[in-house]
Structure formats: structure tokens, C-alpha cells
Amino acid sequence: EAQVTQNPRYLITVTGKKLTVTCSQNMNHEYMSWYRQDPGLGLRQIYYSMNVEVTDKGDVPEGYKVSRKEKRNFPLILESPSPNQTSLYFCASSLQGLAGTDTQYFGPGTRLTVL
Amino acid sequence: DAKTTQPPSMDCAEGRAANLPCNHSTISGNEYVYWYRQIHSQGPQYIIHGLKNNETNEMASLIITEDRKSSTLILPHATLRDTAVYYCIVRGYYNQGGKLIFGQGTELSVKP
């Protein structure tokens, strides 16, 4: 089954404790992206990757890192989490990231709470 | 990418067609209209997209006006499982970062 998976699905942590949220897709997609969703603010893009070893900042990259060492995986790293990073996080992937030729598939989400 | 305007909420009776409108009066010629939905904090789900012509797939139909300034998503026989927030998104072919700009969407409630 074609899908985007995220782990963990739920995480409660404390300020400053480094964490990684994994994202994996099995569709051989070149494009992957991370969003966060907050009440009243909608979904906002954090980082994206057009292909392996190619990553770039989205609208809200501060406090986050990503890497794209292989096509299927795009982990989101919070080196020193803070309470304002408490949010619902979604990973997405698509064939090329271009409108009209492909659609973005989203993972199930990771609900992160930073105390 | 052009901005979209949608009603904040709508109700629909189960089994009836749900017609969700979207206004995108500033859309430009190379921008596509996409529809996604999000069921209670799950990952957004792609529904349909189009450029100029009307489109239909197994989930829904998309009607785009001739001037492309508005569109309507039609769920032909709404079920309780279609209760969700529906997002209309306009997206340029090479928009920076490939991102989808989700507005506030329309919260559709399908009632028995």
C-alpha cells in the first residue's frame, strides 16, 4: 500500500531534549515536506526537499533541522525543543512537488508536546 | 499563489450532494485549483484538482467557472464519513517550495 509513515505518532518531552520525528514514504517520490499545524494558523511549511541531498527552508524553519540522505526518508530534528514547538506535525511527499503533475500525500501526523 | 475564500461551515444531509464553493478571483492562468480535506486532525487527504476543465474522479467532481474565478467541489452522495474540513487551494506550477497553502477551509457536517 502506498503510504507516508511517521513515528512516533505521539510524543511528550521536556524543553531542551533533542528529538527526531521520522518520515518515510514507499512511493519513490522525489519531493518531501514537513508542515506544522496550529489552531488558528493552519498548516505551515517548515522544510522541504526536492530530491536526495537537496533541502530548503519553508516558512517556519527556526528551531528545526532536516536531512535527506536517501529518497524514502526525511527526518525532522528538533535539537533543543521549546514549548512553542508544541504542535501537530505532518510529513508529505509527492512525485516532483510540481502542481498539475502530481499530488501530495500526507502522513498520519505526530502530536508533539514540549513541557 | 492566489488567495481563496470559502464559507467557514456548511451542513449537508446524508445521501444528498454536498456542494462546496470556493472563490479565487485573483487566480492566474498557470495556477491549478486543488481540493484537500482533513478529517479530525488526520493527515490532509487529496481529493481532486483541475486547471480549466471540469474534473471527476471516484471521490468527487470539480466544477470550475469559465472565467476561473470560482469553483465548486461536489460530493455526489455525502456520507457521515465525509464530515471534515475541506480546503480549496490555488497553486502555481512552479510555486516556491512546492508547498500547499491551507486557508481556513469549510467545515462540512454531514447529518443523518
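The coordinates are above.
Reading the values: the criteria
Residues numbered from 1 in each chain as written. Chains lettered and ligands numbered in written order. Predicted model: local features only at pLDDT ≥ 70, side-chain atom pairs only at ≥ 80, totals over all residues. Heavy atoms only, no water. Contact = heavy atoms within 4.5 Å. Buried area = accessible area lost by both parts, 1.4 Å probe. Salt bridge = Lys/Arg side-chain N within 4 Å of Asp/Glu carboxyl O. Polar contact = N/O pair within 3.5 Å; in protein donor to acceptor, adjacent residues only side chain to side chain. Helix = DSSP H or I, 4+ residues; strand = E, 2+ residues; numbered from the N terminus. Nonpolar A, V, L, I, M, F, W, Y, C, P; charged D, E, K, R; others polar. 1 Å grid on protein atoms, 1.4 Å probe; cavity = no way out; pocket = protein on both sides within 12 Å on 5 of 7 lines; lining within 4 Å. Points joined across faces, edges and corners; volume = space filled by probe spheres on them. Buried < 20%, exposed > 50% of the residue type's maximum accessible area, 1.4 Å probe, protein only.

1. Considerations on the interface of chain A and chain B
Residue-level contacts link 22 residues of chain A with 22 residues of chain B. Interface area, chain A with chain B, both sides summed: about 1,800 Å², of which 52% is carbon and sulfur. Our enumeration of links across chain A and chain B arrives at one salt bridge. A salt bridge links Asp59 of chain A to Lys99 of chain B, with the nearest nitrogen and oxygen atoms 2.7 Å apart. Where chain A packs against chain B, one counts seven residue pairs in polar contact (both at pLDDT 80 or more). If you list the elements that add at least two residues to the side of chain A that touches chain B, you get β4 (31-38), β5 (42-51) and β9 (87-94) of chain A. A per-class count over the side of chain A that touches chain B returns 10 nonpolar, nine polar and three charged.

2. Considerations on the layout of surface pockets
Taken as a whole, the largest pocket encloses approximately 490 Å³ of empty space. Every residue lining the largest pocket is counted, 25 residues in all, and those nearest its centre are Gln37 and Pro39 of chain A together with Gln38, Ser41 and Tyr87 of chain B. Mapped by element, the contributors of at least two residues to the lining of the largest pocket are β4, β9 and β11 (110-114) of chain A together with β8 (84-92) of chain B. Empty space within the second largest pocket amounts to approximately 380 Å³. In this structure, the second largest pocket is lined by 18 residues; those nearest its centre are Ala2, Tyr105 and Phe106 of chain A together with Pro44 and Gln45 of chain B. Mapped by element, the contributors of at least two residues to the lining of the second largest pocket are β1 (4-7) and β10 (105-106) of chain A together with β4 (45-50) of chain B. Here the residues of the lining of the second largest pocket are counted per class, giving nine nonpolar, eight polar and one charged.

3. Some points on the pattern of salt bridges
Residues and elements named next belong to chain A. Evaluated as defined, the whole model comprises six salt bridges over all chains. For the salt bridge of Lys65 with Glu79, the shortest nitrogen-to-oxygen distance reads 3.1 Å. Highlighted residues: Lys65 in strand β7 (residues 65-66) and Glu79 in the loop between β8 (76-78) and β9, separated in sequence by 14 residues. Here Glu79 falls in the partly exposed class, since its relative accessible area comes to 39%.

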